[in-house]
Amino acid sequence: MKLFTKMEEKDYEQLVICQDQTSGLKAIIAIHDTTLGPALGGTRMWNYQSEEDAFEDVLRLSRGMTYKNAAAGLNLGGGKAVIIGDARTDKNPEMFRAFGRYIQGLNGRYITAEDVGTTVEDMDIIHDETDYVTGISPAFGASGNPSPVTAYGVYVGMKAAAKAGLGSEDLAGKTIAVQGVGNVAYHLCKYLHEEGAQLIVTDIYKPSVERAVSEFGAKAVDPDDIYEQDCDIFAPCALGGVINDETLSKLTAKVIAGAANNQLKEERHGQILQDMGIAYAPDYVINAGGVINVADELNGYNRDRAFKKVEGIYDNVSRVFEIARTKQIPTSQAADKMAEERIERMRYARGTFLQNEHHILSRKK
Ligand SMILES: NC(=O)c1ccc[n+]([C@@H]2O[C@H](COP(=O)([O-])OP(=O)(O)OC[C@H]3O[C@@H](n4cnc5c(N)ncnc54)[C@H](O)[C@@H]3O)[C@@H](O)[C@H]2O)c1
Ligand SMILES: CC(C)C[C@H](N)C(=O)O
C-alpha cells in the first residue's frame, strides 16, 4: 500500500503506528483533520484479515469522524484508532496501558473512546495512562457507555428521516428491519418497540437475536435475508459497506436510517439511492449521539445537557434532507456539504493569531 499517496488522496494529517510485543499491541491511530479542534474518535478492535484492511478501515473511519464531528457542531476534528486482534480472546490490560501511552504521547492531538470491540473497562485502563480518553466510567464523573445515547440519536434521526421519506415521523405500526442487534441496536429496538413499531431483526450472534425476539416480539431472519424483507425502514446497525450494488436491488424500504458507520460502499451509491427514491439519513449525521455524549465530558459531563444536544440530531437530519431537496443532490452529498462548509468557515474564523490560544482542551486544566 502506498501510504503517502493514500494520505494525500483525502488530505490526512498523521498516521501513528504502535507496536508493543509483550502485550501484543498492534495499533494504528489516524488523525484526519484537526481544523475544528483535537481529533476525537473511537478505538475499534477487530481481527483484520490483513494489515492493508486495517489501514483502509482506520483511514475511512477517521475521515468519517471529521465529517461527523463537524456536522454535529462539535469543536473537534476527526480521528480514529484500530487495534488488530480478536476482541473476545486477544485483550489484556497491558495492551490498553501501552496504547494509552501512545495516545498520551500525542499530547491531545487525538482523544479516544469506545468503538466496535472496545468497552468502558478498556477506556478505564487507557485512562490509567492518559486523560485524552472519553467514555470512561461514570465513577470518574464521566459518561460511560455511549451506545444507549447513540441509539437515542438514531431514534430521533429516524423520525426525521421517516418524515422526509414516508410523510410522517410517527413510527407506530411501521415495519423496521434492523441489521445487527448489538449494543446500539438493542437500545434502538427498545425505543422503536415502545413506540409501537414492528421489528424484523438479524444478527450473526444468535443470543442477541433471541433477546430481541423475546423482549420486543421481533421477527428473526437470517443475515442474508434482511435486505429483501418487506419493510418501511431499513436500519443498518452492524458494519459498513452494506449499501452496495448487490444489496440495492433487494431493498424494499423507502427509508434507510441506522447506526452503522460508512454504510455506503462507494460514494456513487448515494446517488443511486436518490434515483430509487429512498430517503437515506447519512450515517455520520444520524449516529453522532455517542460522540456528542462523550465530547460533553470535556466540559465536565452533564447527562441532561448531553441528551438535549443529541435531540438536535432530529433537526440536523431534517436540514440535510432540506439541502438535498433544494440543491437536488443526494443526502450523502448534502451532509458532506454541510460538514465541509463548517470546516471552511472555521478555518478562516480561527486564523487570527492568539498568543495563549483557548480551545476545547483548555477546560480540562
Ligand atoms: N457504539 C456507539 O456508540 C456507536 C456510535 C456511532 C456509530 N456506531 C456504529 O454502529 C455500529 C454498531 O455499533 P455497536 O456498538 O452496536 O457494535 P456491536 O458490535 O455491539 O454490534 C454490532 C452487531 O452486529 C452484528 N453483526 C456483525 N456482522 C453482521 C452481519 N453480517 N449481519 C448481521 N449482524 C452482524 C454483531 O454480531 C453485533 O451484534 C457500528 O458500525 C459502529 O461503528 C456505534
Ligand atoms: C467517540 C465514539 C463514541 C465514537 C463512536 N464509536 C462513533 O463512531 O461515533
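This is a predicted model, so every value here is computed, not measured.

### Observations concerning empty space enclosed by the protein
Working step 1: Applying the stated criterion across every chain yields a total of one cavity of 30 Å³ or more.
Working step 2: In terms of lining, the largest cavity is formed by Leu61, Gly64, Met65, Lys68, Lys80, Asn261, Asn262, Asp283 and Tyr284.
Working step 3: At the level of secondary structure, the elements contributing two or more residues to the lining of the largest cavity comprise helix H2 (51-71) and helix H10 (283-286).
Working step 4: Of the residues forming the lining of the largest cavity, the biggest block, four residues, is contributed by H2.

### Considering helix H13 (residues 313-327)
Working step 1: The end-to-end C-alpha distance of H13 is 21 Å, a good match for the 21 Å that 15 residues give at a rise of 1.5 Å each.
Working step 2: Along H13, the positions that sit buried rather than exposed are Ile313, Tyr314, Asn316, Val317, Val320, Phe321, Ile323 and Ala324.

### Section: the site of ligand 2
Working step 1: Near ligand 2, the surroundings consist of Gly42, Met65, Lys68, Lys80, Ala113, Glu114, Asp115, Pro146, Asn261, Gly290, Val291 and Val294.
Working step 2: Residue Lys68 places a side-chain N or O atom 2.6 Å away from an oxygen atom belonging to ligand 2.
Working step 3: About the coverage of ligand 2: the protein hides 92% of its 290 Å² of free accessible area.
Working step 4: Within the residue set of the shell around ligand 2, elements represented by two or more residues are H2 and helix H11 (289-295).
Working step 5: In terms of residue count, H11 provides more of the shell around ligand 2 than any other element does, three residues in total.
Working step 6: Tallied by class, residues from the shell around ligand 2 come to five nonpolar, three polar and four charged.

### Considering the site of ligand 1
Working step 1: Within the structure, ligand 1 sits among 21 residues, and Thr150, Val184, Asp203, Ala238 and Asn261 are positioned closest to it.
Working step 2: Here Asp115 contributes a side-chain N or O atom positioned 3.5 Å from an oxygen atom of ligand 1.
Working step 3: With respect to ligand 1, the side chain of Thr150 contributes an N or O atom lying 2.6 Å from an oxygen atom.
Working step 4: Taken by itself ligand 1 offers 830 Å² of open surface, and the protein chains cover 83% of this.

### Some details on the environment of Arg319
Working step 1: With respect to the element layout, Arg319 can be found in helix H13.
Working step 2: As a C-alpha pair, Arg319 and Gly42 span 277 residues in sequence and 26 Å in three-dimensional space.

### Structural notes on the side chain of Ser62
Working step 1: Here Ser62 lies in helix H2.
Working step 2: Non-local contacts of Ser62, meaning those with residues more than four positions away in its chain, are made with Tyr12, Ala30, His32, Gly78, Gly79 and Lys80.

### Focus on the pattern of salt bridges
Working step 1: Inspection of every chain in the model, using the stated rule, returns 21 salt bridges.
Working step 2: Between Arg97 and Asp128 there is a salt bridge whose closest N-O contact spans 3.6 Å. Highlighted residues: Arg97 in helix H3 (residues 93-105) and Asp128 in the loop between helix H4 (120-127) and helix H5 (147-166), separated in sequence by 31 residues.
Working step 3: Through salt bridges with shared partners, a single network forms among Arg44, Asp57, Lys80 and Asp115.

### Some words on the nonpolar core
Working step 1: Counting 94 residues, the largest nonpolar core has Ile29 and Val178 as its most contacted members.
Working step 2: Every residue in contact with Ile29, bar those within four places of it in the chain, is listed here: Gln14, Leu15, Val16, Cys18, Lys80, Ala81, Phe99, Ile103, Leu106 and Tyr110.
Working step 3: Judged by nonpolar contacts, the second largest core, of 17 residues, contains Ala177, Ile226, Ala253 and Leu264.

### Focus: the pairing of strand S2 (residues 25-33)
Working step 1: The buried fraction of S2 is high, at eight of nine residues.
Working step 2: Where strand S1 (residues 14-20) lies against S2, seven bridges are found, and the strand directions are antiparallel. Within the sheet, the bridge partner assigned to Gln14 lies in S2 and is Ile31.
Working step 3: Linking two consecutive strands that pair antiparallel, namely S1 and S2, is a turn of four residues; a positive phi of about 85° is found at Gly24 within it.
Working step 4: Direction of pairing for S2 relative to strand S5 (residues 77-84): antiparallel, over a ladder of six bridges.

So, how was this worked out
Residues numbered from 1 in each chain as written. Chains lettered and ligands numbered in written order. Predicted model: local features only at pLDDT ≥ 70, side-chain atom pairs only at ≥ 80, totals over all residues. Heavy atoms only, no water. 1 Å grid on protein atoms, 1.4 Å probe; cavity = no way out; pocket = protein on both sides within 12 Å on 5 of 7 lines; lining within 4 Å. Points joined across faces, edges and corners; volume = space filled by probe spheres on them. Helix = DSSP H or I, 4+ residues; strand = E, 2+ residues; numbered from the N terminus. Expected span 1.5 Å × (residues − 1). Buried < 20%, exposed > 50% of the residue type's maximum accessible area, 1.4 Å probe, protein only. Near = heavy atom within 4 Å. Polar contact = N/O pair within 3.5 Å; in protein donor to acceptor, adjacent residues only side chain to side chain. Areas by Shrake-Rupley, 256 points an atom, 1.4 Å probe, with all protein chains shown as cover. Nonpolar A, V, L, I, M, F, W, Y, C, P; charged D, E, K, R; others polar. Contact = heavy atoms within 4.5 Å. Salt bridge = Lys/Arg side-chain N within 4 Å of Asp/Glu carboxyl O. Core = buried A, V, L, I, M, F, W, Y, C linked by side-chain atoms within 4.5 Å. Pairing = 2+ DSSP bridges.

No statement about biological role is implied by the geometric values presented.
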